[in-house]
Amino acid sequence: MQPTLLILAAGIGSRYGGIKQLDQFGPNGETIIDYSLYDAIRAGFGKVVFIIREELRKDFEAIFLPKLAGKIEVDFAIQALNSYVPDELGAIQRTKPWGTGHAMLCAWEQTDTPFAVINADDFYGQEAFQILADFLVNNTEEDLHSLVGYEVQNTLSDYGSVSRGVCDLNADETLSSVIERTKIYRQSEGDNVGEIVFEESDGLTVLAPETPVSMNFWGFKPAVFPQAQEQFAEYARANFNSPKAEFYIPTIMTNLIHRNQGRCKVFRSRSEWFGVTYPEDKPLVQASFKRLHDEGKYPSNLW
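In this report, we go over the structure that sits alongside the text.

Cut-offs and rules
Residues numbered from 1 in each chain as written. Predicted model: local features only at pLDDT ≥ 70, side-chain atom pairs only at ≥ 80, totals over all residues. Heavy atoms only, no water. Salt bridge = Lys/Arg side-chain N within 4 Å of Asp/Glu carboxyl O. Helix = DSSP H or I, 4+ residues; strand = E, 2+ residues; numbered from the N terminus. Buried < 20%, exposed > 50% of the residue type's maximum accessible area, 1.4 Å probe, protein only. Polar contact = N/O pair within 3.5 Å; in protein donor to acceptor, adjacent residues only side chain to side chain. Contact = heavy atoms within 4.5 Å. Disulfide = S-S within 2.5 Å. Core = buried A, V, L, I, M, F, W, Y, C linked by side-chain atoms within 4.5 Å. Phe/Tyr/Trp six-rings, centres within 6.5 Å; stacked < 30°, edge-to-face > 60°. Lys NZ or Arg CZ within 6 Å of the ring centre and 35° of its normal.

### A look at the pattern of salt bridges
This model, assessed by the stated rule, comprises 19 salt bridges. When the shortest N-O distance is used, the salt bridge between Arg-263 and Glu-141 registers 2.7 Å. In this pair, Arg-263 sits in strand β12 (residues 263–268) while Glu-141 sits in the loop between α4 (126–138) and β6 (144–151), placing the two residues 122 residues apart along the sequence. Among the residues examined, Arg-263 registers a relative accessible area of 36% and is labelled partly exposed. Among the ionic contacts, a cluster of salt bridges with common partners joins Lys-47, Glu-73 and Asp-75.

Now the structure itself:
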């Protein structure tokens, strides 16, 4: 059995100002996805499912199918606005996708093995892929899932706030809860310059620099899909008239924990992480990939 890799690539990229999933960051025009695929194949993943919007399919096929032929099985899942929405709710009044949890659910039909989920616009490092591949291959507990966590201080942008799943861990390094905080940043003025906070309507909350956060690198067993479908149906009914509401993967995992339907082992990765949220992040990411090539971490040509 080889695990499957789901790549969340249906985002609109409103803060980036374009389709960052397909933008070129490597010295030979590689996308960030190229590096994730290279690392996943090395770690033993046997299939990749791109979760995309229908209008992106031709571009994804043109870019990735030729280079992946003979290396890994490839499939596509479409995150449509009406996918898995209860029929009785009728026409949908929204243009924004339902979020990462809904995107994962949209790949149910294409996924029949234990699987990992990643963002298309994040670089996670080879070690992280190997950690999750080993877990997904060797652990047989259907209700035990996994997460690769990174320290929040290593996941910030110099150009604005970021969204992260802030984790609270039990003594045995299993997840107690993970809450999506959509506005995390390092303070740049006032008496607490350099302090990491997340902002909500009721004010600011300080985060310790080593606080583990989810960068959406999850490992799941297939039993999660019917549970996610049930949760999303509840969420869609409650938020049908909220066009910006999003159903996140951390929401799925937190509900599983609170309902005693699942547990999540958190692996703290020593791998380097970087990603793009704003256009200003691009030169930094390009420089990071050049350095990794120069250090011999990746061959001069990935494919």
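Now that the structure has been shown, the text picks up again.
### So, the side chain of Asp-34
With respect to the helices and strands, Asp-34 occurs in helix α1 (residues 32–43). In this structure the side chain of Asp-34 is engaged in a polar contact, spanning 2.9 Å, whose partner is the backbone nitrogen of Thr-31. Once you skip the residues sitting within four places of it in the chain, Asp-34 turns out to touch Phe-64, Lys-67, Leu-302 and Trp-303.

### Section: the state of the cysteines
Scanning the entire structure with this criterion turns up zero disulfides. The structure places no disulfide on Cys-264, whose sulfur is separated from the nearest cysteine sulfur, that of Cys-167, by 7.8 Å.

### So, the nonpolar core
Counting residues in hydrophobic clusters, the biggest one holds 42 residues, and the most contacted among them are Ile-7, Phe-45, Phe-50, Phe-60 and Phe-217. If one sorts the elements of this core by residue count, α4 sits on top with six residues. Setting aside residues up to four positions removed in sequence, Phe-45 forms contacts with Gln-2, Pro-3, Thr-4, Leu-5, Ala-40, Ile-72, Ala-116, Phe-129, Ala-133 and Leu-136. With 37 residues, the next largest nonpolar core counts Leu-89, Phe-115, Leu-175 and Phe-225 among its residues.

### A few points about the environment of His-102
Relative to the assigned elements, His-102 resides in helix α3 (residues 100–105). Assessed through its relative accessible area of 0%, His-102 is described here as buried. Each C-alpha atom, one on His-102 and one on Asn-216, is 13 Å from the other, the two residues being 114 residues apart in sequence. Once residues within four sequence positions are removed from consideration, His-102 is found in contact with Gln-79, Ala-80, Ser-83, Phe-232 and Phe-247. Separated by 3.1 Å, the side chains of His-102 and Gln-79 make a polar contact.

### Notes on helix α6 (residues 249–258)
Counting buried positions along α6 gives seven out of 10 residues, so the element sits mostly inside the fold. Three or more residues of α6 are buried, namely Ile-249, Pro-250, Ile-252, Met-253, Thr-254, Leu-256 and Ile-257. Asn-260 lies just past α6 and shows a positive phi near 60°.

### Examining unusual backbone geometry
Of note, Glu-173 is a non-glycine position whose phi angle comes to about 65°, a positive value. With respect to the helices and strands, the residue Glu-173 is situated in the loop between β7 (162–169) and β8 (175–186). The class of Glu-173 is partly exposed, set by a relative accessible area of 26%.

### A closer look at the packing of aromatic side chains
Tallied over the full model, the rule gives 28 aromatic pairs. Each ring, one from Trp-108 and one from Phe-225, has its centre 5.8 Å from the other, and the planes form 10°; the classification is stacked. With a gap of 117 residues between them, Trp-108 in the loop between α3 and β4 (115–119) and Phe-225 in helix α5 (residues 224–239) connect regions that are remote in the sequence. With a relative accessible area of 0%, Phe-225 lands in the buried category. Geometrically, the ring pair formed by Phe-115 and Phe-225 is stacked, given 4.9 Å between the ring centres and 15° between the ring planes. With Phe-115 in strand β4 and Phe-225 in helix α5, this pair connects stretches of sequence that are 110 residues apart. Relative accessible area serves as the criterion here: at 0%, Phe-115 is assigned to the buried category. Taken together, Tyr-35, Tyr-38, Phe-123, Phe-274, Phe-289, Tyr-298 and Trp-303 form an aromatic cluster joined through their ring pairs. Above the face of the Phe-25 ring, Lys-282 is positioned so that its terminal group lies 5.8 Å from the ring centre.

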